[in-house]
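Each chain is listed here by its residues.
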Amino acid sequence: MMNSTTNKPLCPCCFKAFSASILQDGNDNNGNSSTNNGSFNFGSICGTCEPTKVERALATKAAATTSSSASVVVPPILWLLTPQEIEKATQTILTATKRNLDEIASTPLSDVTFENTIRKLMCPPNYKTNPQIAACKFLQHCSPDAQIREAASNAGKLFAKSRVEGRMRSDVYERVVAFSTTEECQHGLGEYERHFVRASLQDFERAGLALSREDSVELQRLLEEDSKVCSAYGKNLGGDATKLFFAPEELKGCAEDFIQERLGKDVEGKCTISLKYPDIIPIGQTCDVAETRRLVSEAREGMNAYKNNLELVAEGVQLRKKIATLLGYPSWAEYICTKRMSGSFQAVDEFLTNLQTKLEAAGKDDYETLLQLKRDQCKDMDIVFDGKLNAWDTGYYGNELLKSKGVDSEKIREYFPLDHVVSTTMEIYQELLGLTFTELFQGTYWSWHKEVRCFHVKDTASDNSIGHFYLDLHPRDGKYGHAAIFHLVKHNSTHGAVDCMLCNLPASTEGKPSLLRHQNVVTFFHEFGHIMHGLCSEGIGNSTRLAKCPRDFVEAPSQMLENWCWQKSILERLSKHYQTGEKLPCAMLNDMIQAKHVNVAFGSLRQIYLSRLDLEIHGPHPPKTAEELQSLVDKLRPAITLVENPPGNNMLRTFGHLMNQYSASYYGYMWAEVLSADMFATRFEKEGVMNPKVGMDYRKMVLAPGGTHNITDHLTKFLGRPPSNEAFLKSRGILK
């Protein structure tokens, strides 16, 4: 990592290599075309120059020379490499943001126009339409450098505070109100611009501009405090370095390569286990030793997990209740639901109650099936049967049930090497949505880690640039611990969108490529769908809530695309044995497809539990302390999932969704599943999963509009009728 913001000159030998491969645009000194295609071979540097300095020099060159006709179009982000750079750029953005709002506020009410008022709000300096926002704050989630992560986290807090302050500017609100009554607004704007004005007005009004000055100041304080609490919670998750140590026999049932990769890393004769997904999922699903599974579960949810996160949740839900009360809502859940597709807390409550009622009988049957498997295994192994499914049993016996149906997750892994899954997934999305991806050569763009890849996206028919995406797929210390898409840059009139996928998929080892469970394949396909949603959205001013996709719909497109991972023709394309190159055998493939909905009611009850937990803690009477949160989980979990909560364990310590934009919105996963099942069954299942016309209809009718107008209207247009829950209920075996 660089120690200053000044690029040091490359030494002579490195400059020669750099000049030959980049500055000469791929030509040698005699004008002949070279074979490096513009990539820089880092093996040619002397070893004295740090790679980050070389990469930065290359990225600066690429950014400076890129134009619409250039062969290499790099993302519009000039990444910042030191805390000092981040701090300086952050202050520059904050200053520009205040100046932008002051300019709007200084405009006489009689002189407001679209250009001097609304245009300035569509792409403000402190929103993601400005690429430098990502350069300042994104690396908190993935930089290998702890100081960079800290500086980026601080930048994120300052931007959040700035956005809160902007929403509280009554002088700016007055100008938007004044403009909304003008002839230009009513008759001179396009559909999207008119929608943006309406959305802006509603955002100001929901921010409490009708409050007294005293209450307005208090609201701003509460919002800033909530942002700080959420940031601290996320920092505890991302910075966790817990290590557990098990002897190989304590991991009996896990794959031999899983054990050998972790053996002796820190303690001789012991396997090192972290709390990241590539470690905990195989243990939870395949480890025969119940005590090992229990210890891993407790390390993630027990009283010593993730520092003071449970206390932070208690603090956060109280802050949100106070915010909702100030704004005139009975609860944070009601405040949030009124701006979602659902429209109200009552609609969500009825939705979850209806689903739970229909799933309970089938869920109890699933529970009894798993319990019988445990009973039989305890008898075979001559161990005491405790008469119940424990929290650390459900994943294991769920996997045992699949094995009894002929589905061996460890054997199936051999047919899903990561590189093949990634490349084939991208081929499928390109064909389906009419897009073309081109990978940028390393050395033409800067990245925060050597494993990061970058792709340029174009519309195939027009050859127009749409944007870029990064892939950062493997776990490491300090990196975001789940799978998620970060929308780094939003479209505006000068550049396309930029998205990044952060995952924690297993990495390749010496002599063996990274192999994915089918569950990992589905996760990758799902997350890549979010990238496509971000890139294919066509709005250019997304800073208002109504110009963004509703949170309870945002998962629907990706959930729908998970269906591709269960289609025979697609599985044949996605699979390739890592040694023989053979496709997934028909017998294994058919067993997988037939077992798709095994245990699905039991799993759905867990999703309902998580949704209910979210709504309860954000309800009219949220728990005030960590102890009250514990009591709620102890009560709610068995009542819905049929599984007791282990003493002292609380998944709220690691339930990051509820401490970010998903607060009071986790129900959206179930809500979106209903919509996704309808979209797939009505169009793709009937007309062909790779039908390019249906794919383009989906891109233009569902992905492109973003959150403009009513999302139900967009779905109705795509479906040819209003949405229905029939397909979802059939897929769960509730309707025949």
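None of these values were measured; they are calculated from a predicted model.

Secondary structure assignment for the chain yields 29 helices and seven strands. The buried share of the chain, taken over its 736 residues, is 55%. Sequence separation of at least 24 residues holds for 72% of the intrachain contacts in the chain that already meet a minimum separation of 6. Taken as a whole, the chain presents about 31,600 Å² of accessible surface, with 50% of it coming from carbon and sulfur.

Note on soluble globular proteins: their nonpolar side chains tend to be buried together. Counting residues in hydrophobic clusters, the biggest one holds 144 residues, and the most contacted among them are Phe437, Phe469, Phe528, Trp564, Leu652, Met679 and Tyr698. Ranked by residues supplied to this core, first place goes to helix 26 (residues 668-687) with 11 residues. Filtering out sequence-adjacent residues up to four positions away, Tyr698 remains in contact with Leu433, Pro557, Met560, Leu561, Met679, Phe684, Leu703 and Phe718. Among the nonpolar cores identified, the runner-up in size contains 35 residues, and Val74, Ala134, Leu440 and Val489 belong to it.

Attention now moves to unusual backbone geometry. Here Asn599, not a glycine, exhibits a phi torsion of approximately 70 degrees, which is positive. By the secondary structure assignment, Asn599 is in the loop between helix 23 (586-594) and helix 24 (600-617). Residues other than glycine seldom take positive phi values, yet Leu642 does so here, at roughly 75 degrees. Its relative accessible area of 26% is what places Leu642 among the partly exposed residues.

With that out of the way, let us pick up the state of the cysteines. Inspection of the entire model under this criterion finds zero disulfides. Cysteine Cys503 shares no disulfide, and the gap to the nearest cysteine sulfur, in Cys500, comes to 9.2 Å.

With 20 residues, helix 26 extends 27 Å from end C-alpha to end C-alpha; this agrees with the ideal 28 Å at 1.5 Å per step. Its maximal kink placed at Ala681, helix 26 deviates by approximately 35 degrees. Of the residues flanking the end of helix 26, it is Gly688, one or two places downstream, whose phi is positive at about 115 degrees.

This part is about the packing of aromatic side chains. In the structure shown here, the tally under the stated rule is 30 aromatic pairs. Plain terms: the ring middles of Tyr429 and Phe528 are 5.0 Å apart, the flat faces sit at 45 degrees to each other, and that makes the pair tilted. Of this pair, Tyr429 sits in helix 19 (residues 418-433) while Phe528 is found in helix 20 (residues 518-536), placing the two residues 99 residues apart along the sequence. Each member of the pair, Tyr429 together with Phe528, is buried. On the basis of an interplanar angle of 65 degrees and a centroid distance of 5.4 Å, the ring pair of Trp564 and Phe680 is categorised as edge-to-face. With Trp564 in the loop between helix 21 (556-561) and helix 22 (568-574) and Phe680 in helix 26, this residue pair connects regions lying 116 residues apart in the sequence. The pair Trp564 / Phe680 is uniform in exposure class, with both members buried. Across the ring face of Tyr335, the terminal group of Arg206 is positioned such that the distance to the ring centre comes to 4.1 Å. The positively charged end of Arg293 is found above the aromatic ring belonging to Tyr396, 4.2 Å away from the centroid.

Looking now at the pattern of salt bridges. Enumeration according to the criterion identifies 38 salt bridges in this entry. A salt bridge links Asp102 to Arg169; its shortest N-O distance comes to 2.9 Å. With Asp102 in helix 3 (residues 83-105) and Arg169 in the loop between helix 6 (146-167) and helix 7 (170-180), this pair connects stretches of sequence that are 67 residues apart. When the shortest N-O distance is used, the salt bridge between Glu218 and Arg221 registers 2.9 Å.

Counting through the fold element by element, His456 comes out in strand 4 (residues 453-459). Among the polar contacts made by the side chain of His456, one reaches the side chain of Ser465 at a distance of 2.8 Å. Apart from the residues within four sequence positions on either side, His456 is in contact with Val73, Thr436, Phe437, Thr438, Leu440, Ser465, Gly467 and His468.

Taking strand neighbours across the sheet as the criterion, the five strands line up as 3-4-5-7-6 in an open arrangement whose pairing is mixed. Because the sheet does not close on itself, it has two edges, and the strands there are strand 3 (435-439) and strand 6 (484-489). Adjacent strand axes in the sheet meet at a mean angle of 25 degrees when their direction is disregarded. Across six bridges, strand 4 lies against strand 5 (residues 465-472) in antiparallel orientation. If you follow Val457 over to strand 5, its bridge partner there is Gly467. This element, helix 20, spans strand 3, strand 4, strand 5, strand 6 and strand 7 (497-502) of the sheet and lies at about 165 degrees to strand 7.

What follows is about the packing of helix 6 against helix 10 (residues 213-238). Packed helix pairs are specified by the crossing angle of their axes together with the interaxial distance, meaning the distance between the axes. Where helix 6 meets helix 10, the axes come as close as 10 Å, and the angle between the chain directions of the two elements is 155 degrees. Considering the angle they form, helix 6 stands roughly antiparallel to helix 10. As for how helix 6 packs across helix 10, the hand of that crossing is right-handed. Contacts between helix 6 and helix 10 involve Glu150, Ser153, Lys157, Ala160, Lys161, Val164 and Glu165 from the former and Gln220, Leu223, Glu224, Ser227, Ser231 and Lys235 from the latter. Here the contact of helix 6 with helix 10 is built from residues that sort into three nonpolar, four polar and six charged.

One way to put it is that helix 16 (residues 345-381) packs onto helix 26 with a least axis distance of 11 Å and a crossing angle of 70 degrees. Between helix 16 and helix 26, the crossing angle belongs to the class labelled roughly perpendicular. Contacts between helix 16 and helix 26 pair Ala347, Phe351 and Leu355 from the former with Met670, Trp671 and Val674 from the latter. Residue composition of the contact of helix 16 with helix 26, grouped by class: six nonpolar, no polar and no charged.

Attention shifts here to the environment of Pro144. Relative to the helices and strands, Pro144 is located in the loop between helix 5 (131-137) and helix 6. Considering only alpha carbons, one finds Pro144 and Trp448, 304 residues apart in sequence, at a separation of 7.5 Å.

With that settled, consider helix 17 (residues 394-404). Residues of helix 17 that are buried include every one of Tyr396, Tyr397, Gly398, Asn399, Glu400 and Leu401, and no others. Of the surrounding secondary structure, the elements contacted by the buried residues of helix 17 are helix 12 (277-286), helix 13 (290-301), helix 16 and helix 18 (409-413). Note on helix 17: the residue one or two positions beyond its end, Gly406, has a positive phi of about 90 degrees.

Locating Gly395 in the fold gives a position in helix 17. Apart from the residues within four sequence positions on either side, Gly395 is in contact with Gly284 and Gln285.

Another aspect to go through is the pairing of strand 5. For a regular strand, side chains alternate in direction, first toward one face of the sheet and then toward the other. Of all eight residues in strand 5, seven are buried; the element is thus mostly enclosed. Here strand 4 folds back onto strand 5 in antiparallel fashion, the turn holding five residues, of which Asp463 has a positive phi close to 65 degrees. Of the pairings in the sheet, the one linking strand 5 to strand 7 comprises six bridges and is parallel in character. In the strand pairing of strand 7, Tyr470 is matched with Cys500.

Among the structural elements, Ser493 can be located in the loop between strand 6 and strand 7. Since its relative accessible area comes to 69%, Ser493 is described here as exposed. Remark: the alpha-carbon pair of Ser493 and Cys123, spanning 370 residues in sequence, is separated by 9.4 Å.

Mean pLDDT over the chain works out to 87, with 88% of the residues at or above the 70 mark. Put simply, helix 1 (residues 12-23) is where the chain has its lowest mean pLDDT, 49, and strand 1 (residues 244-246) is where it has its highest, 98. Per-residue pLDDT stays below 50 along residues 1-10; that stretch engages in 20 contacts with residues further than four places along the chain or on separate chains. Considering only residues more than four positions removed or in separate chains, one finds that residues 543-547, a stretch of pLDDT under 50, has 24 contacts.

Parameters and conventions
- Every chain is numbered on its own, with residues counted from 1 as its sequence reads.
- Local features in this predicted model are restricted to residues whose pLDDT is 70 or higher, and side-chain atom pairs enter the listing and the counts only when it is 80 or higher, whereas totals over whole chains, interfaces and linings include all residues.
- Hydrogens are left out, water is left out, and the side-chain values use all remaining heavy atoms of the structure.
- The numbering of helices and of strands both runs from the N terminus, where a helix is a DSSP run of H or I of at least 4 residues and a strand a run of E of at least 2.
- Burial classes follow relative accessibility: with a 1.4 Å probe on protein chains only, a residue under 20% of its type's maximum area counts as buried, one over 50% as exposed, and anything between as partly exposed.
- Any pair of residues with heavy atoms lying within 4.5 Å of one another is described as a contacting pair.
- For the accessible areas, the method is Shrake-Rupley and the probe is 1.4 Å, while residue cover comes only from the protein chains on display.
- Each nonpolar core is a collection of buried residues, namely Ala, Val, Leu, Ile, Met, Phe, Trp, Tyr and Cys, held together in the definition by side-chain atoms within 4.5 Å.
- What counts as a disulfide here is a pair of cysteine sulfur atoms lying within 2.5 Å.
- To estimate the expected span of a helix, subtract one from its residue number and multiply by 1.5 Å.
- We define the bend at any residue as the angle between the axes fitted to the seven residues before and including it, ending there, and the seven starting there.
- Any pair of Phe, Tyr and Trp rings, taking the six-membered ring for Trp, is counted once the centres come within 6.5 Å. Such a pair is stacked with planes under 30 degrees apart, edge-to-face with planes over 60 apart, and tilted for the rest.
- Sitting over a ring, as applied to charges here, requires NZ of Lys or CZ of Arg to be within 6 Å of the ring centre and within 35 degrees of the ring normal.
- By convention in these notes, a salt bridge is any Lys or Arg side-chain nitrogen within 4 Å of a carboxyl oxygen on Asp or Glu.
- Polar contact criterion, stated in full: a pair of N or O atoms within 3.5 Å, where within protein one must be able to donate a hydrogen and the other to accept it, and residues adjacent in sequence count only if both atoms are side-chain atoms.
- Strands are treated as partners if at least two bridges between them are detected by DSSP.
- Each axis is a line fitted through C-alpha atoms, taken for helices only over the stretch in contact, and angles between the N-to-C directions span 0 to 180 degrees.
- Orientation labels follow simple angle bins: below 35 degrees gives roughly parallel, above 145 gives roughly antiparallel, 65 to 115 gives roughly perpendicular, and whatever is left gives oblique.
- Note: crossing handedness is left-handed where the near helix turns anticlockwise from the far helix by less than a right angle, and right-handed where it turns clockwise.
- In the scheme used here, Gly and all other residues not listed as nonpolar or charged are polar, with Ala, Val, Leu, Ile, Met, Phe, Trp, Tyr, Cys and Pro taken as nonpolar and Asp, Glu, Lys and Arg as charged.
- Values of pLDDT, the confidence the predictor places in each residue, fall between 0 and 100.

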